[in-house]
Amino acid sequence: MTLIKHSIMAASLALGTATLPACASTPKSPPTAGFSGDWHVKWCDRTNPKLDCGGFDISVVQEGNRLCGDFGGALVNLRQIDDGTLIGTAVGNTAVLAVQSNRNGAILLIRAELQGDALKWEEVDLIHKADNNDILVIATNDVLQRSASSPQPTHTCRQITGS
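Given the structure is predicted, the values throughout are model-derived calculations rather than measurements.

**Quick word on the pattern of salt bridges**
Then step 1. Under the criterion given, the structure shown has four salt bridges.
Then step 2. One salt bridge in this structure joins D82 and R103, with 3.5 Å as the shortest N-O distance. Of the two residues, D82 sits in strand β4 (residues 81-91) while R103 sits in the loop between β5 (94-101) and β6 (107-115), which places them 21 residues apart along the sequence.
Then step 3. On the basis of relative accessible area, D82 is assigned to the buried category, the value being 7%.
Then step 4. The partner of E113 in a salt bridge is R111, with the nearest N and O atoms 3.3 Å apart.
Then step 5. Residue classification places E113 among the buried positions, given a relative accessible area of 19%.

Spelled out as structure tokens, the structure:
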């Protein structure tokens, strides 16, 4: 039995040592794109243009590959509003974000991909359901546009998230 254990340990050590050069030569991730700034999408009712448009706006702070920020949203005719926070990470031109509603506690997992001055925003999963099956006012499958006059963020992620 001891021989088997030693053989397994020796094989594991040899395999681990053989893979070290492969780890050392692993290509580095592409530089992270610039997600900082204000982004928005407008939601209107084409069948009834007299109604006020709603929309979804985010403000993002980027520190290296760490992202944080907040959002505000309103359904068409402003019948439901919400705000909340987002936190996540970016690799290259793609970010993965946890977006949490302050109103109902819902948390969505979002994949956001930078495409020029557009941000393709897609819900990947529902991490936490809204309390009392409340309506979500978080974009789920939209293209957000960068605000033309988007100022440089004045807050840090630590100020926004407390950590």
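**A word on the pairing of strand β3 (residues 66-74)**
Then step 1. With nine bridges connecting them, strand β2 (residues 54-63) and β3 associate as antiparallel partners. The partner of D57 across the bridge, within β3, is G72.
Then step 2. With antiparallel pairing between neighbouring strands as the criterion, β2 and β3 make up a hairpin whose turn holds two residues, including G64 at a positive phi of roughly 65°.
Then step 3. Taken together, the nine bridges between β3 and β4 define a ladder with antiparallel strand orientation. Considered in β4, the bridge of G72 is made with D83.
Then step 4. Between β3 and the antiparallel strand that follows it, β4, lie six residues; N77 among them carries a positive phi value of about 65°.

**Section: the state of the cysteines**
Then step 1. Counted under the stated rule, the structure contains two disulfides.
Then step 2. Put simply, C68 and C157 are joined by a disulfide, and their sulfur atoms are 2.2 Å apart. Judged by the sign of its S-S torsion, about -100°, the cystine formed by C68 and C157 is left-handed. In this pair, C68 sits in strand β3 while C157 sits in helix α2 (residues 157-161), placing the two residues 89 residues apart along the sequence. Just as C68 is buried, C157 falls in that class too.
Then step 3. Of note for the protein chain: the bonded cysteines, numbered N- to C-terminal, pair according to 1-2, 3-4.

**Observations concerning the nonpolar core**
When a protein is soluble and globular, its nonpolar side chains tend to lie buried together.
Then step 1. Counting 26 residues, the largest nonpolar core has F56, I58, L97, L119 and W121 as the members making the most contacts within it.
Then step 2. Counting only elements with at least two residues in this core, the list comes to β1 (37-43), β2, β3, β4, β5, β6 and β7 (118-128).
Then step 3. If near-sequence neighbours (up to four positions away) are discounted, L119 is found in contact with F35, W39, I58, A112, E113, L114, D142, V143 and L144.

**Structural notes on unusual backbone geometry**
A negative phi angle is the norm for most residues apart from glycine, just as the trans form is the norm for most peptide bonds.
Then step 1. With a phi close to 65°, N77 is a non-glycine residue in the positive phi region.
Then step 2. Assignment of secondary structure puts N77 in the loop between β3 and β4.
Then step 3. On the accessibility criterion, N77 (38% relative accessible area) is partly exposed.
Then step 4. With a phi close to 55°, N132 is a non-glycine residue in the positive phi region.
Then step 5. Topologically, N132 is positioned in the loop between β7 and β8 (141-146).
Then step 6. For N132, a relative accessible area of 79% puts it in the exposed group.

**Digging into the sheet that holds β2**
Then step 1. The eight strands are arranged β1-β2-β3-β4-β5-β6-β7-β8 in a closed barrel whose pairing can be described as antiparallel. Each strand axis lies, on average, 30° off the axis of its neighbour in the sheet, ignoring direction.
Then step 2. Relative to β2, β1 runs antiparallel, the two being bridged by seven bridges. Of the residues in β2, the one forming a bridge with W39 is I58.

So, how was this worked out
- Residues numbered from 1 in each chain as written.
- Predicted model: local features only at pLDDT ≥ 70, side-chain atom pairs only at ≥ 80, totals over all residues.
- Heavy atoms only, no water.
- Salt bridge = Lys/Arg side-chain N within 4 Å of Asp/Glu carboxyl O.
- Helix = DSSP H or I, 4+ residues; strand = E, 2+ residues; numbered from the N terminus.
- Buried < 20%, exposed > 50% of the residue type's maximum accessible area, 1.4 Å probe, protein only.
- Pairing = 2+ DSSP bridges.
- Disulfide = S-S within 2.5 Å.
- Core = buried A, V, L, I, M, F, W, Y, C linked by side-chain atoms within 4.5 Å.
- Contact = heavy atoms within 4.5 Å.
- Axes fitted to C-alpha atoms, helices over the stretch in contact; angles between N-to-C directions.

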